[in-house]
Amino acid sequence: NELNSTIPTEIGKLTRLYELKLQDNQFSGPIPSEIGNSKVLNTFHASNNLLSGHIPTELVSLTELKEISLSNNQLTGPIPDEFKQLSKLTSLELSRNSLGGN
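Keep in mind that what you see is a predicted model, and the values were worked out from it rather than measured.

Draft legend 1. Main features of the overall build of the protein. Each helix and strand counted, the protein has zero helices and eight strands in total. When the elements of the protein are put in sequence order from the N terminus, they spell out β-β-β-β-β-β-β-β. Whereas a compact globule of 102 residues would reach a radius of gyration of roughly 13 Å, the protein reaches 12 Å, a difference of no more than 12%. When the backbone C-alpha atoms are referred to their principal axes, the protein occupies close to 35 × 30 × 20 Å. By residue count, 39% of the 102 residues in the protein fall in the buried class. In the protein, the proportion of contacts linking residues at least 24 apart, taken out of those at least 6 apart, comes to 44%.

Draft legend 2. Region of interest: the sheet that holds strand S4 (residues 50-53). Spatial strand order, S2-S4-S6-S8: four strands in an open sheet with parallel pairing. Edge strands, defined here as strands with exactly one partner in the open sheet, are strand S2 (28-29) and strand S8 (98-100). Sheet topology places S4 next to strand S6 (residues 74-78); two bridges connect them, and they run parallel. Across the sheet, Gly53 pairs through a bridge with Leu75, a residue of S6.

Draft legend 3. Molecular detail of the pattern of salt bridges. Overall, the coordinates contain three salt bridges when judged by the stated rule. Between Lys88 and Glu64 there is a salt bridge, with the nearest N and O atoms lying 2.8 Å from each other. Residue Lys88 is located in the loop between S6 and strand S7 (91-93), and its partner Glu64 is located in the loop between S4 and strand S5 (67-69); the two are separated by 24 residues in the primary sequence. For Lys88, a relative accessible area of 36% puts it in the partly exposed group. With its nearest N and O atoms 3.2 Å apart, the salt bridge here joins Lys84 to Asp81.

Thresholds, definitions, all that
For every chain, the first residue of its written sequence is number 1, and the numbers climb from 1 along that sequence. Given that this is a predicted model, residues contribute local features only at a pLDDT of at least 70 and side-chain atom pairs are listed and counted only at 80 or more, while totals for whole chains, interfaces and linings are drawn from all residues. Excluding hydrogens and water, the side-chain figures rest on all heavy atoms present in the structure. Counting from the N terminus, the helices are the DSSP runs of H or I reaching at least four residues and the strands are the DSSP runs of E reaching at least two. The globule rule is 2.2 Å times the number of residues to the power 0.38, and the radius of gyration it is compared with is taken over C-alpha atoms. Relative accessible area decides the class of each residue, using a 1.4 Å probe on protein chains only: under 20% of the type maximum gives buried, over 50% gives exposed, and in between gives partly exposed. We call two residues contacting when some pair of their heavy atoms lies within 4.5 Å. Pairing between strands requires that DSSP locate at least two bridges from one strand to the other. Any carboxyl oxygen of Asp or Glu that lies within 4 Å of a side-chain nitrogen of Lys or Arg is treated as forming a salt bridge with it.

Written as structure tokens, this is what we have:
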């Protein structure tokens, strides 16, 4: 795909969204914090885009989240320490960004 826009903040209105797969596009800008409203989200794949900014800490409110794939973007800042609260998380892919830690 070659979708090229920002991820709309309205994504947070999809409260029954189970999987969000946006990989291999040209989405740019930040990951909207509103994604934290999708309480049953199990899978969030957005690798190979142009996403920038920090990873929103609101992702930790997604207690059903098992997979996060955000590799090969332009994300910066720390990896949220709160990720350790995601007890169902089995896959976390963050390579090829400019992320750091404490």
